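Structural description and commentary
Residue-level listing of the chains:
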Amino acid sequence: MESSAAVRDRGFGKTLRRDRWWVPPLSVALGFAFFGAYATVAIFQGGNYFADPYLSPFYSPCIAASCPEEIRLLGIEWWPLSPAILMMGVILGFRGTCYYYRKAYYRAYFLDPPACAVGEFRGDRYSGETKLPWVLQNLHRYFLYASIVIWLFLTYDTFHGFFFDDGFGVGVGSLVLLVNLVLLSGYWFGCHSLRHLIGGNVDCYSCALGGKARYKAWKGVSWFNKRHMSWAWLSLGFVCATDLYIRLVAMGVVRDPRLF
Ligand code: FES
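Heads up: these notes are all about the structure in this document. Sequence order sets the numbering: in each chain, residues are counted from 1 along the sequence as written. With pLDDT at 70 or above as the cut-off, local features in this predicted model cover only qualifying residues; side-chain atom pairs require 80 or more to be listed or tallied, and sums for whole chains, interfaces and linings still use all residues. Side-chain metrics in this entry use all non-hydrogen atoms of the structure; hydrogen atoms and water are not considered.

Looking at the pattern of salt bridges
Salt bridges are defined as contacts in which a side-chain nitrogen from Lys or Arg sits within 4 Å of a carboxyl oxygen from Asp or Glu. Applying the stated criterion to the full structure yields four salt bridges. With a shortest N-O distance of 2.7 Å, Asp19 and Arg17 are connected by a salt bridge. Assessed through its relative accessible area of 28%, Arg17 is described here as partly exposed. Residues Arg258 and Asp166 are paired through a salt bridge, measuring 3.5 Å at the closest nitrogen-oxygen approach. On the criterion of sequence distance, the pair formed by Arg258 in the segment after helix H9 (228-251) and Asp166 in the loop between strand S3 (163-164) and strand S4 (167-168) is long-range, its members being 92 residues apart. Note on Arg258: relative accessible area 38%, which makes it partly exposed. Here's how the labels work: a residue is buried when its accessible area is under 20% of the maximum for its type, exposed when over 50%, partly exposed in between, all with a 1.4 Å probe on protein chains only. Working definition: helices are DSSP H or I runs of at least four residues, strands are E runs of at least two. Numbering for both runs from the N terminus.

Remarks on the nonpolar core
Residues grouped as a nonpolar core are buried Ala, Val, Leu, Ile, Met, Phe, Trp, Tyr and Cys residues, joined through side-chain atoms within 4.5 Å. In this structure, Phe32, Ile43, Tyr49, Phe58, Tyr100, Tyr101 and Tyr187 are the most contacted members of the largest nonpolar core, which totals 47 residues. Elements with a contribution of two residues or more to this core: helix H2 (23-45), helix H3 (85-96), helix H4 (99-108), helix H5 (140-160), helix H6 (172-189) and H9. If you tally residues by element for this core, the top one is H2, at seven residues. In what follows, residue pairs with any heavy atoms lying within 4.5 Å of each other are defined as contacts. Setting aside residues no more than four positions away along its own chain, Tyr49 makes contact with Tyr54, Leu55, Ser56, Tyr59, Cys62, Ser66, Cys67, Pro68, Ile71, Pro83, Ile246 and Arg247. Of all hydrophobic cores here, the second largest spans eight residues; its members include Tyr54, Val176, Leu177 and Val249.

Considering the side chain of Arg247
Mapped onto the elements, Arg247 comes out in helix H9. For Arg247, a relative accessible area of 8% gives the class buried. With residues near it in sequence (within four places) discarded, Arg247 still touches Tyr38, Ala42, Gln45, Gly47, Asn48, Tyr49 and Tyr59.

Written out as structure tokens, the structure reads:
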């Protein structure tokens, strides 16, 4: 009987597998297409992203001159397009070079390979991430550093979402922003580059400066790292849901109930 590797090498889609191996890549392809389409429309639309005191996470930090005064951080005059586009590079770069997302979209869109032990679309012409443009995936750690700044702004925006014209309060939107921050933080804390930075690059904790604390932090990050795929999907879906909620409130389609 032919080995699994021999069958796989016979060509695209060839496999000894009898399970529905095509379901995960197909689900990923549809999921990315759906959330990608929503995010693109939300980002380029350029309006209804602020319903005082809630700011859509796609538009944070708001640094164009067209941003509402209450949330404008800078006043970049020369930018005529949607303010969200100014920060898009960091967000797309961070998610697009994420180790989990890379695996997912290589399988779902490039079929390279479509699943374990299944024949590849490009056969043995695959050269990994050693040539342009894929070698740029190695910039992930730098996108991580840049995303720390955005994460700080999102934390501030969540805090701001609890302060209304009449003072402190809790609206459904405040809780939506809080859940969004928790999910984004869970995704961020599980980053492989962060794990390496915190302790993955240490050979001997007892010899390293602050080794005990680093080991504890590394264990914590490792917990999130093991579940990185789940945090990636939950945070991706919820960031779109958060934008949608704030958009509907800003448009007057939904009334934001005050709970406190
Ligand atoms: Fe996924 Fe860094 S590896 S965010």
